[in-house]
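# Overview (structure and organization)
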Amino acid sequence: MKHIFKKKNIDLSENKSELNKTLTTFDLTLMGIAAIIGAGIFSTIGMASFQGGPGVVFLFLIVAVTCGFSALCYAEFASRIPQSGSAYTYAYVSFGEIFGWIIGWALILEYAIGNIVVAISWSGYFLNLLKGIGIHFPYWLSVGYYAAIDNYAYAQDLIMQGEKISPQLYEYIVGFENAPSIFGYKIMLNIPAFFIVAIITFIAYIGIKETKKVSNLMVFIKIAVIGLVIGVGFFYINPQNYVPFLPNGFSGVLAGVSAVFFAYIGFDAISTTAEECKNPQRDLPRGMMYALIICTILYVLIALVLTGMVHFSFLKVEDPLAFVFQKVGLNWIGYIISISAVIATASVLLVFQIGQPRIWMSMSRDHLLPKRFSNIHPKYKTPAFSTLLTGILVGIPALIVPASIMTDLTSIGTLFAFVLVCLGVLALPKITKQNKQFKIPYVNSRWILPFVAIAYWYFMLPKFIMYCNRINHLLFEEFLFLLFSLVFNLIIFLAVYKKYNAIPILGAICCMYLMIEIPAVGWYGFLGWMALGIMIYAMYGYGNSKKHHQILNEVK
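I will try to describe carefully the structure that is included in this document. (Residues numbered from 1 in each chain as written. Predicted model: local features only at pLDDT ≥ 70, side-chain atom pairs only at ≥ 80, totals over all residues. Heavy atoms only, no water.)

Now for the side chain of Thr 307. Its place among the elements puts Thr 307 in helix H12 (residues 280–309). Separated by 2.8 Å, the side chain of Thr 307 and the backbone oxygen of Ala 303 make a polar contact. When residues no more than four places from it in sequence are discounted, the contact partners of Thr 307 are Ser 49, Gly 53, Pro 54, Asn 241, Tyr 242 and Leu 315. (Helix = DSSP H or I, 4+ residues; strand = E, 2+ residues; numbered from the N terminus. Polar contact = N/O pair within 3.5 Å; in protein donor to acceptor, adjacent residues only side chain to side chain. Contact = heavy atoms within 4.5 Å.)

All told, the structure shown has 35 aromatic pairs when counted by the stated rule. Ring centres of Phe 476 and Tyr 524 lie 5.1 Å apart, and the angle between their planes is 55 degrees; this geometry places the pair in the tilted category. Of the two residues, Phe 476 is situated in helix H18 (residues 476–498) and Tyr 524 in helix H20 (residues 520–544); the sequence distance between them amounts to 48 residues. Owing to a relative accessible area of 22%, Phe 476 belongs among the partly exposed residues under this scheme. Taken together, the ring pairs in this structure connect Tyr 456, Trp 457, Phe 464, Phe 484, Phe 488 and Tyr 513 into an aromatic cluster. (Phe/Tyr/Trp six-rings, centres within 6.5 Å; stacked < 30°, edge-to-face > 60°. Buried < 20%, exposed > 50% of the residue type's maximum accessible area, 1.4 Å probe, protein only.)

Right, let's get into the environment of His 377. With respect to the helices, strands and loops of the structure, His 377 is situated in the loop between helix H14 (331–365) and helix H15 (384–400). The class of His 377 is buried, set by a relative accessible area of 17%. Between the C-alpha atoms of His 377 and Gly 207, which are 170 residues apart in sequence, the distance is 9.4 Å. Every residue in contact with His 377, bar those within four places of it in the chain, is listed here: Tyr 205, Thr 382 and Ala 384.

So, on to the nonpolar core. One finds Phe 60, Tyr 74, Tyr 264, Phe 267 and Phe 325 to be the most contacted residues of the largest nonpolar core, which totals 165 residues. Considering every element that reaches this core, the biggest residue donor is helix H5 (residues 97–132), with 19 residues. Leave out the neighbours within four places in its chain, and Phe 325 touches Val 229, Val 232, Gly 233, Met 309, Leu 330, Asn 331, Ile 333, Gly 334 and Ile 337. If you look at the next biggest cluster of nonpolar residues, it comprises 15 residues, including Tyr 145, Tyr 152, Leu 169 and Ile 173. (Core = buried A, V, L, I, M, F, W, Y, C linked by side-chain atoms within 4.5 Å.)

The next subject is the packing of helix H1 (residues 25–36) against helix H9 (residues 208–233). Relative orientation of the contacting elements H1 and H9 amounts to 60 degrees, with a least axis distance of 9 Å. With respect to H9, the element H1 is oriented oblique. The handedness of the crossing between H1 and H9 is left-handed. Along the contact surface, H1 presents Phe 26, Asp 27, Leu 30, Met 31, Ile 33 and Ala 34, while H9 presents Lys 212, Ser 215, Asn 216, Val 219, Phe 220, Lys 222 and Ile 223. In terms of residue class, the contact of H1 with H9 is made up of eight nonpolar, two polar and three charged. (Axes fitted to C-alpha atoms, helices over the stretch in contact; angles between N-to-C directions. Parallel < 35°, antiparallel > 145°, perpendicular 65-115°, else oblique. Left-handed = near helix turned anticlockwise from the far one by under 90°. Nonpolar A, V, L, I, M, F, W, Y, C, P; charged D, E, K, R; others polar.)

Here it is in structure tokens:
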């Protein structure tokens, strides 16, 4: 069993890849923007603004700083280990095989399962766009089976309670009842979601160069639209809407943390393309940081425009950008925004759809997955089998499942990976900075973390005492808070005592805090997913591991 904690050697001689090296800093920056600016800026920003008011800009900055700490850690890993695999490879090098497997398994939540959410969101935007030009898609071909059942049951409950239902809910009832059936079961399929996954999978399959061209084009379009929104919206800002700036206090701002963090997910996806970069040690760090900075600026400006054009209390809508322009009579911009939302979500799909296969490819090289996962197409130079399998695992569930059950899983899986990457940097062997190699600037924890601890306990001590006084009747979220507080103290103490670099420590702490803000149901799903992953590792990965066989050969 000892080999499961054996670390993977940092051997750059293994970096002789069959993949095409075509990506530059410019391409990676645009790819990061493509992954980050998606459904978040077109939908979840509305709910976050409704909860936090104009002060939601502080939340975007807080999450950006948190992601910035993690991005610096990713950047050092990417520079020192320019191999595909992202956090899987980094955890394997830092903590050992079992942690590498756990992170690889968790990243499925971010990429493959996260793409199910994005595909369903794309379908919604696309169908709304069709309605805008007078094309009505059949209901039974535009919604998944379980989502249709939920919609139907919700509408029926309102009718039973004697309440008046909206035209949309009436459409749900009629559409469900008129849908064709097989053996008594209604046929309800989200065909647009499956269709976009098929197209994106085809693009990812035929080559990174083609993927790059399509991704870059979509990024240019959506940045142009966002620029239009900011430029035009600026002239319709009413300063009175900024008063009060924090209508629900700072707790109201933090209430939108899950939605805002989901808007930032994706910058790490470009680290999976390390073997397709012309100069990964230089370009990957720059690409990640440039993308994060650009997207943060755009998010803050959009939030200020939204909350300035209309009062924050009106922003509890699914399409806030289009809504605010319709509110001021500029319907034509709302239509352009709808087109941009379709493009933006498609670009997220594209980046994530190239990320997942490359993680499986890396796991297969270490023999933790069957060899087929690392097969490279002789013509297109892409991980062909892994790409097709990813398309199937995203496309088929997108046909039938609702998006609501996947969002929290995606966020918690991503944050978990971020935590291990941040802590993993501290486990890397010390080196002197070499030419073209990125290294996180050293900040002595003794000068930073004591003040962080004082600030934390100044605000959180009353809450901590209250939960401790009813220790036998804690809710799951309250238990997580107490556990985090204890782990927080331990990490601060060790970091200060050993003079660790404060930057990765701050990244790990921030990500862990965001994790405890995720609802309990998300944690239950995450823990169940992890248990399934450990079972698969025990049944296949442990016995077939490349590291395991190397150790056996050394013993012989």
